[in-house]
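Structural description and commentary
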Amino acid sequence: MVPTAEPADAWDAPAPASRGLLELDRGRFWSGAAVTVVVCAVLGLAASVVFDSAFDVGLLGPSRLVPDAPGLAWALTGALFALLAAMVLQLLVRVVPRPRMFFGWLVALVTVILAALAFTGSGDGASAVVTALVWIVVGIAVSAMLNGVLGRTLVRPARPTR
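Attention here is on the structure that accompanies the text. (Residues numbered from 1 in each chain as written. Predicted model: local features only at pLDDT ≥ 70, side-chain atom pairs only at ≥ 80, totals over all residues. Heavy atoms only, no water.)

**Description of the nonpolar core**
Of all hydrophobic cores here, the largest spans 34 residues; its most connected members are F29, L89, F103, V134, V142 and L146. Sorting the residues of this core by element identifies α1 (26–54), α2 (70–95), α3 (99–117) and α4 (125–153) as the ones contributing at least two each. With residues near it in sequence (within four places) discarded, V142 still touches C40, F81, A82 and A85. (Core = buried A, V, L, I, M, F, W, Y, C linked by side-chain atoms within 4.5 Å. Buried < 20%, exposed > 50% of the residue type's maximum accessible area, 1.4 Å probe, protein only. Helix = DSSP H or I, 4+ residues; strand = E, 2+ residues; numbered from the N terminus. Contact = heavy atoms within 4.5 Å.)

**A word on the side chain of T77**
Secondary-structure assignment places T77 in helix α2. A distance of 2.8 Å separates a polar atom in the side chain of T77 from the backbone oxygen of A73. (Polar contact = N/O pair within 3.5 Å; in protein donor to acceptor, adjacent residues only side chain to side chain.)

**Some thoughts on the packing of aromatic side chains**
Taken as a whole, this structure holds four aromatic pairs when the rule is applied. On the numbers, 5.1 Å between centres and 50° between planes, the contact of W74 with W135 is tilted. Note that W74 is positioned in helix α2 and W135 in helix α4, a separation of 61 residues in sequence. By relative accessible area, W135 is classed as buried at 8%. Note on F81 and W135: the rings are 6.3 Å apart at their centroids and 70° apart in plane angle, and the pair reads as edge-to-face. Linking F81 in helix α2 with W135 in helix α4, this pair joins segments that are 54 residues apart in sequence. Three or more aromatic residues joined by ring pairs form one cluster here, namely W74, F81 and W135. (Phe/Tyr/Trp six-rings, centres within 6.5 Å; stacked < 30°, edge-to-face > 60°.)

**Examining the packing of α2 against α3**
For the pair α2 and α3, interaxial distance at closest approach is 9 Å and the crossing angle is 150°. Taken together, α2 and α3 sit at an angle that is classed as roughly antiparallel. At the point where α2 passes α3, the crossing takes the right-handed sense. Side by side, α2 and α3 meet where F81, A85, V88, L89, L92 and V93 of the first sit next to P99, F102, F103, L106, V107, V110, T111 and L114 of the second. Class assignment for the residues of the contact of α2 with α3 results in 13 nonpolar, one polar and no charged. (Axes fitted to C-alpha atoms, helices over the stretch in contact; angles between N-to-C directions. Parallel < 35°, antiparallel > 145°, perpendicular 65-115°, else oblique. Left-handed = near helix turned anticlockwise from the far one by under 90°. Nonpolar A, V, L, I, M, F, W, Y, C, P; charged D, E, K, R; others polar.)

By themselves these figures say nothing about function.
In structure tokens, the structure reads:
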């Protein structure tokens, strides 16, 4: 088993020359990313059902995508957020030295923007607060799941035989 976690004190330490760069096992990564997409879709649907139907607090935002089915709109939005995040994470693994750090910041910033957008519309205060909380939960779910997937799918490339 190859450890993939970086030591806490290695923020700025250069990688040793003898250690090869880690690569992504793309098949396993995208299997985990697909499950993340499904979970985030169900999370969006659940949020819509709980708040729109059970508590009669209308969620703001993506219901404009499918006006007659806000649950479907939230499911599609959660799935799209997770899919785009997985694509960004795969790109970061290929091009930056600390993909988890950059990914964490990107997801956090996008989540903050989406949560803040809930307060820019004409909805009532309760709807804005609940919508912002849903975005925060979706952002945390995406970050946690994809970081977990990444931790299990980074592999050390096989050394060529001499």
